[in-house]
Amino acid sequence: MEEEYDAVVCGTGLVECVLSGLLSVAGHSVLHLDRNKYYGGESASLNLEQLYANFDKGTPPAELGKPHLYNVDMIPKFLMADGELVKILRATVVNRYQMEFMLCDGSFVAKGSNVYKVPCTEKEALSSSLMGLLEKRRAAKFFAWAQDYDQNDPKTWGKLNPMEQTMRQIFSHYSLSKDTIEFIGHALALEEDEAYLDKRANETIQKITLYESSLSMYEGGTVSPFVYPLYGLGELPQVFARLSAVYGGTYMLDTPVEKFEYDDKGVFQGVHANGQFAKAKFVVGDPTYFPDKVKKVGQVARCICLMDKPIDKTKTQSCQIIIPHTQCKVPRKHDIYVVQLSEVHKVVPQGKYLAIVSTFAETGDPEQELEPGIQLLGKNVIEKFVSISPLYKPTDDGAESKTFISDSYDSSSHFEAAAKNILDLYERITGKPYDFDKSIAQPVTMQ
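Residues numbered from 1 in each chain as written. Predicted model: local features only at pLDDT ≥ 70, side-chain atom pairs only at ≥ 80, totals over all residues. Heavy atoms only, no water.

Peer 1: Any chance you could explain the overall build of the protein here in plain terms?
Peer 2: For the protein, the helix and strand inventory stands at eleven helices and 20 strands. Since a compact globule built from 447 residues should have a radius of gyration of about 22 Å, the 22 Å found for the protein is in line with a globular shape. For the protein, the spread of C-alpha atoms along the three principal axes comes to 70 × 60 × 40 Å. In the protein, which comprises 447 residues, the share counted as buried stands at 54%. Sequence separation of at least 24 residues holds for 71% of the intrachain contacts in the protein that already meet a minimum separation of 6. Working note: accessible area of the protein is about 19900 Å², and carbon and sulfur atoms make up 48% of it. Charged side chains of the protein number 47 positive and 60 negative; the gap between the two group centres comes to 5 Å. (Helix = DSSP H or I, 4+ residues; strand = E, 2+ residues; numbered from the N terminus. Rg over C-alpha atoms; globule rule 2.2 N^0.38 Å. Buried < 20%, exposed > 50% of the residue type's maximum accessible area, 1.4 Å probe, protein only. Contact = heavy atoms within 4.5 Å. Areas by Shrake-Rupley, 256 points an atom, 1.4 Å probe, with all protein chains shown as cover. Lys, Arg positive; Asp, Glu negative; His and termini not counted. Charge placed at Lys NZ, Arg CZ, Asp CG, Glu CD.)

Right under this line is the structure:
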């Protein structure tokens, strides 16, 4: 450890590694520490032996195949093809490290006892049984308005004002039914609960626009808006760690933090680790490093399932299934998400499948809350690994203490909240927004 740096970064989760890379490229000297012997923190990808050890399940059975062929995400999420995280990837590491991604085969939504594909084309929309004919016409008018909507041009708003009106008021204007509202809000805007209905409509409309722009990025907009990296999400923290190292960043794994040093005014001064002291202007880290500076805001329940067949109701190699909370027999407030991956993503051996069910935990029985998603997997499940993770947020913005703490990863099936957190932290740290134009954007390589 050298004596002085601009930044100390603690934890090698996705958010911390991306920030480490961006700060290093921007000219900051970075010391990056992690208590673990591996990259990824909460967002690591584990092989089969690591997975079994992590859940105290002993030695994995031989019939599951070679352990090194598994790359199981602890935080399972897709990337929106036109989302902020993919834009950061294109601007920095995709071309440099030859990262490869695959399109998700489809997005589905549960309704009653059935699972329906979320329409990707006008033809699919017209033939879908999610809405009746008259309702499709009303929905078409809403989508035409939303497609033309520009938050910076009031002329495109028509008789509406999404900057002041709620989403409930916008839906009411188009006389949309409860089922259509559920479909738009949860399958397209990917809202987790009903709170969005009484918030400013602009935010949800931007999410719908992101879904549509992501959908149109590849394969003529006929597949899905989601992409996923080969070999699992654990690759993402590592490529940004390499980027930071190329620009002078210093990495130290298996290095627990002994103590953070603050002055009399509570301003960060440096860190003690390995019996040494490193001085720095500010510190960045995940919530587990700062228990006295975060507050718990909830919990996420997850169930990792190893399977020998794909989900019967989708017949795909990869998919997302959204179970709106209104479709659950036991009343709840948050949606349930199912992500399925397979051998084509290099995360399981041939003939095996990986599914992860997740939701915002509302009770003390997470497995029971996940049951609607687990039931969708049918009788194909070989082994289950259930966990519950606390959700933390920092108690302040870090401006005075020079301590910038990331949010925990939410229960959603995509990384947009994490990407927003990255860009927000970057702006708070540097005093200016991240400039995507400074880097030459490269297309994401698809297989």
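Peer 1: Would you mind going over helix 3 (residues 84-92) with me for this structure?
Peer 2: Residues that lie three or four places apart on an α-helix share one face, since the helix turns once every 3.6 residues. Extensive coverage of helix 3 is indicated by the burial of seven of its nine residues. L85, V86, I88, L89, R90, A91 and T92 are the residues of helix 3 that are buried. If you follow the buried residues of helix 3, they end up packed against helix 1 (14-25), strand 5 (79-80), strand 6 (100-103), strand 9 (226-229), helix 9 (235-246) and helix 11 (416-430).

Peer 1: Just checking my understanding: could you explain helix 1 for this structure?
Peer 2: For helix 1, built from twelve residues, the straight-helix expectation of 16 Å at 1.5 Å per residue is met to within 8% by its first-to-last C-alpha distance of 17 Å. A large share of helix 1 lies buried, amounting to eleven of its twelve residues. Those residues of helix 1 not exposed but buried are L14, V15, E16, C17, V18, L19, S20, G21, L22, L23 and S24. Looking at the residues trailing helix 1, positive phi occurs at G27, about 105 degrees. (Expected span 1.5 Å × (residues − 1).)

Peer 1: How do you make sense of the pattern of salt bridges when you look at a structure like this?
Peer 2: One side chain can pair with another of opposite charge once the charged atoms of both are near each other. Summed over all chains, the structure comprises twelve salt bridges. The salt bridge partner of R138 is E135, with a shortest N-O separation of 2.6 Å. Separated by three residues within a single helix, R138 and E135 lie in helix 5 (residues 133-148), roughly one turn from each other. Assessed through its relative accessible area of 7%, E135 is described here as buried. Each of R332, E362 and E369 takes part in a single network of salt bridges with overlapping partners. (Salt bridge = Lys/Arg side-chain N within 4 Å of Asp/Glu carboxyl O.)

Peer 1: What's the story with the environment of D254 in this structure? I'm lost.
Peer 2: Locating D254 in the fold gives a position in the loop between strand 10 (250-252) and strand 11 (257-262). Considered as a pair, D254 and Y39 are 215 residues apart in the sequence and their alpha carbons are 9.9 Å apart.

Peer 1: What am I meant to see in the packing of helix 1 against helix 9 here?
Peer 2: Relative orientation and spacing of two packed helices are given, respectively, by the angle between their axes and the distance between those axes. Direction vectors running N to C along helix 1 and helix 9 enclose 20 degrees, while the axes themselves pass 8 Å from each other. Between helix 1 and helix 9, the crossing angle belongs to the class labelled roughly parallel. Handedness of the crossing formed by helix 1 with helix 9: left-handed. Mapping the contact onto sequence places L14, C17, V18, S20, G21, S24 and V25 in helix 1 and L236, P237, F240, L243 and S244 in helix 9. Residue composition of the contact of helix 1 with helix 9, grouped by class: eight nonpolar, four polar and no charged. (Axes fitted to C-alpha atoms, helices over the stretch in contact; angles between N-to-C directions. Parallel < 35°, antiparallel > 145°, perpendicular 65-115°, else oblique. Left-handed = near helix turned anticlockwise from the far one by under 90°. Nonpolar A, V, L, I, M, F, W, Y, C, P; charged D, E, K, R; others polar.)

Peer 1: What's the story with the sheet that holds strand 17 (residues 353-360) in this structure? I'm lost.
Peer 2: The strands that make up a sheet are held in pairs by hydrogen bonds between backbone atoms, and each pair lies either parallel or antiparallel. Reading across from one edge, 8-7-15-16-17-14-18 is the order of the seven strands in this open sheet, with mixed pairing throughout. In this open sheet, the two strands that pair with only one neighbour each are strand 8 (114-117) and strand 18 (381-394). Each neighbouring strand pair of the sheet contributes to a mean axis angle of 20 degrees, computed without reference to strand direction. Bridge analysis of strand 7 (residues 107-111) against strand 15 (residues 319-323) gives three bridges, and the strand direction is parallel. Considered in strand 15, the bridge of S107 is made with Q320. The strands that helix 10 (residues 366-376) touches are strand 8, strand 14 (294-307), strand 15, strand 16 (336-342), strand 17 and strand 18; relative to strand 17, the one it contacts most, it runs at about 135 degrees. (Pairing = 2+ DSSP bridges.)

Peer 1: Please explain the packing of aromatic side chains as it appears in this structure.
Peer 2: Across all of its chains, the model carries 19 aromatic pairs by this definition. Here Y52 and F385 contribute two aromatic rings whose centre-to-centre distance is 5.2 Å and whose plane-to-plane angle is 80 degrees, an arrangement assigned as edge-to-face. Of this pair, Y52 sits in helix 2 (residues 48-54) while F385 sits in strand 18, and the two are 333 residues apart along the sequence. You can call Y52 buried: its relative accessible area is 3%. With a relative accessible area of 0%, F385 lands in the buried category. On the numbers, 5.9 Å between centres and 75 degrees between planes, the contact of Y262 with F268 is edge-to-face. An aromatic cluster is built from F142, F143, W145, Y149, W157, F171 and Y174, whose rings are joined through pairwise contacts. If you follow R35 out to its NZ or CZ, it ends over the ring of Y289, 3.8 Å from the centre. (Phe/Tyr/Trp six-rings, centres within 6.5 Å; stacked < 30°, edge-to-face > 60°. Lys NZ or Arg CZ within 6 Å of the ring centre and 35° of its normal.)

Peer 1: Where do I start with a nonpolar patch on the surface in this structure?
Peer 2: On the surface, V25, V246 and Y247 cluster together into a nonpolar patch covering about 260 Å² of accessible area. Inspection of the secondary structure puts V25 in helix 1. Assessed through its relative accessible area of 37%, V25 is described here as partly exposed. (Patch = residues over 30% accessible without salt bridge, like charges linked within 9 Å, V, L, I, M, F, W, Y side chains within 5 Å.)

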